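# Examining the three-dimensional arrangement
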Amino acid sequence: MDGALQQMAAADRPRAVSSVELQMSEHQALRAEMESRAPGVASCLELGKSLVLAKSPASDEIKSHMEKLLEKKKEMTEKWEKHWEWLQQMREVHQFAQEAVVADAWLTAQEPLVRSQELGSSVDEVEQLIRRHEAFRKAAAAWEERFSSLRRLTTLEKLRAEQNQQPPTPLLTRKFLGGTPGCPLALLVPGVPLPRRRGWGPSPPTAGSPAWPPWPP
């Protein structure tokens, strides 16, 4: 049991979806090991109970060891559950950051088209520009669900809102994705808000940022 507790305490903070999923796999393997050892723990407790009922001279010592074993078992199970929940939250946070980077790259790629002042000097050029903008409209509509998913509250946000008894604040405050009056993208594609805010880059929040789940106790 001490080995399992030490393994959970020694786990590093994952920095990407892949590393979170690797830790989740290792954590599930630890759970399987815990369950494989459960019958041995139960047998030990049953033996101790039998000795106590038989009024063994060492009954007091046996009771003390049994109590410590039960406490350690409870602690190990609770820590496993807490660490598993924390890993799930970390995966959700990293998935958000990953999707946000992809969305940011797409927005950046569309800026030249949206900001272009070109109107065309002939019918052919105008028709070509119209086709480009129609293609943009279709692409923006296809991205609508991905942008909507970036606005959904994560489990971490919901938990924090409950703990603080305050309205939920979306992860990273969603300031990059809110409506921006006068944004060319929002004007071109009604119903598909695609504002671009400077300063939103691929770097995820630092370990001290409120966007990350706290390290499990």
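Up top is the structure these notes are about.
Everything in this summary refers to the structure shown in the same document. All values derive from a computational prediction rather than experimental measurement.

Here we take up the packing of helix α3 (residues 59-115) against helix α4 (residues 123-149). Relative to each other, α3 and α4 sit at 160 degrees, their axes nearing to 12 Å. Viewed along their axes, α3 and α4 adopt a mutual orientation that is roughly antiparallel. In terms of crossing hand, the pair formed by α3 and α4 is left-handed. Residues Glu-99, Val-102, Ala-103, Trp-106, Leu-107, Gln-110, Leu-113 and Val-114 of α3 pack against Arg-132, His-133, Phe-136, Ala-139, Ala-140, Trp-143, Arg-146 and Phe-147 of α4. When its residues are assigned to classes, the contact of α3 with α4 shows eleven nonpolar, two polar and three charged.

Right, let's get into the environment of Met-34. Along the chain, Met-34 falls in helix α2 (residues 17-53). You can call Met-34 buried: its relative accessible area is 11%. For Met-34 and Thr-77, which are 43 residues apart along the polypeptide, the C-alpha to C-alpha distance reads 8.8 Å. Residue contacts for Met-34: discarding those within four places in its chain leaves Met-76, Thr-77 and Trp-80.

Once that is clear, we can look at the layout of surface pockets. Of the volumes computed, that of the second largest pocket is approximately 310 Å³. Along its surface, the second largest pocket is lined by 15 residues, and Met-1, Glu-33, Met-34, Arg-37 and Met-76 are the ones closest to its centre. Listed by contribution, the elements that provide at least two residues to the lining of the second largest pocket are α1 (2-9), α2 and α3. The element contributing the most residues to the lining of the second largest pocket is α2, with eight residues.

The next thing to look at is the environment of Ser-19. Mapped onto the elements of the fold, Ser-19 is located in helix α2. Exposure remark for Ser-19: the relative accessible area of 24% places this residue in the partly exposed category. In sequence terms Ser-19 and Arg-91 are 72 residues apart; their C-alpha atoms lie 9.0 Å from each other. Within polar-contact distance, the side chain of Ser-19 engages the backbone nitrogen of Arg-15 at 3.1 Å. Among the polar contacts listed, one links the side chain of Ser-19 to the backbone oxygen of Ala-16, at a separation of 2.8 Å.

What follows deals with the nonpolar core. Residues Met-8, Met-24, Leu-30, Met-34, Met-76 and Trp-80 are the most contacted members of the largest nonpolar core, which totals 13 residues. Of all the secondary structure elements, the ones that give two or more residues to this core are α1, α2 and α3. Considering every element that reaches this core, the biggest residue donor is α3, with six residues. Leave out the neighbours within four places in its chain, and Trp-80 touches Met-8, His-27, Gln-28, Leu-30, Arg-31 and Met-34. Phe-96, Phe-136, Phe-147 and Leu-150 belong to the second largest nonpolar core, which has twelve residues in total.

Before going further, it helps to spend a moment on α1. Of the residues making up α1, those classed as buried are Ala-4, Leu-5 and Met-8. For α1, the buried positions fall inside an angular range of 100 degrees around the axis, keeping them on one side. Away from the buried face of α1 by more than 90 degrees, exposed residues Gln-6 and Ala-9 are located. Those residues of α1 hidden inside the fold are in contact with α2 and α3.

Within the structure shown, the criterion is met by three aromatic pairs. When the centroid spacing of 6.1 Å and the interplanar angle of 10 degrees are considered together, the rings of Trp-106 and Phe-136 count as stacked. Of this pair, Trp-106 sits in helix α3 while Phe-136 sits in helix α4, and the two are 30 residues apart along the sequence. Residue Trp-106 is classed as buried on the basis of its relative accessible area of 11%. Judged by relative accessible area, which is 3%, Phe-136 ranks as buried. Note on Trp-106 and Trp-143: the rings are 5.0 Å apart at their centroids and 25 degrees apart in plane angle, and the pair reads as stacked. With Trp-106 in helix α3 and Trp-143 in helix α4, this residue pair connects regions lying 37 residues apart in the sequence. By the ring-pair criterion, three or more aromatic residues cluster together here, those being Trp-106, Phe-136 and Trp-143.

What counts, and where the lines are drawn
Residues numbered from 1 in each chain as written. Predicted model: local features only at pLDDT ≥ 70, side-chain atom pairs only at ≥ 80, totals over all residues. Heavy atoms only, no water. Axes fitted to C-alpha atoms, helices over the stretch in contact; angles between N-to-C directions. Helix = DSSP H or I, 4+ residues; strand = E, 2+ residues; numbered from the N terminus. Parallel < 35°, antiparallel > 145°, perpendicular 65-115°, else oblique. Left-handed = near helix turned anticlockwise from the far one by under 90°. Contact = heavy atoms within 4.5 Å. Nonpolar A, V, L, I, M, F, W, Y, C, P; charged D, E, K, R; others polar. Buried < 20%, exposed > 50% of the residue type's maximum accessible area, 1.4 Å probe, protein only. 1 Å grid on protein atoms, 1.4 Å probe; cavity = no way out; pocket = protein on both sides within 12 Å on 5 of 7 lines; lining within 4 Å. Points joined across faces, edges and corners; volume = space filled by probe spheres on them. Polar contact = N/O pair within 3.5 Å; in protein donor to acceptor, adjacent residues only side chain to side chain. Core = buried A, V, L, I, M, F, W, Y, C linked by side-chain atoms within 4.5 Å. Arc of directions from axis to C-beta. Phe/Tyr/Trp six-rings, centres within 6.5 Å; stacked < 30°, edge-to-face > 60°.

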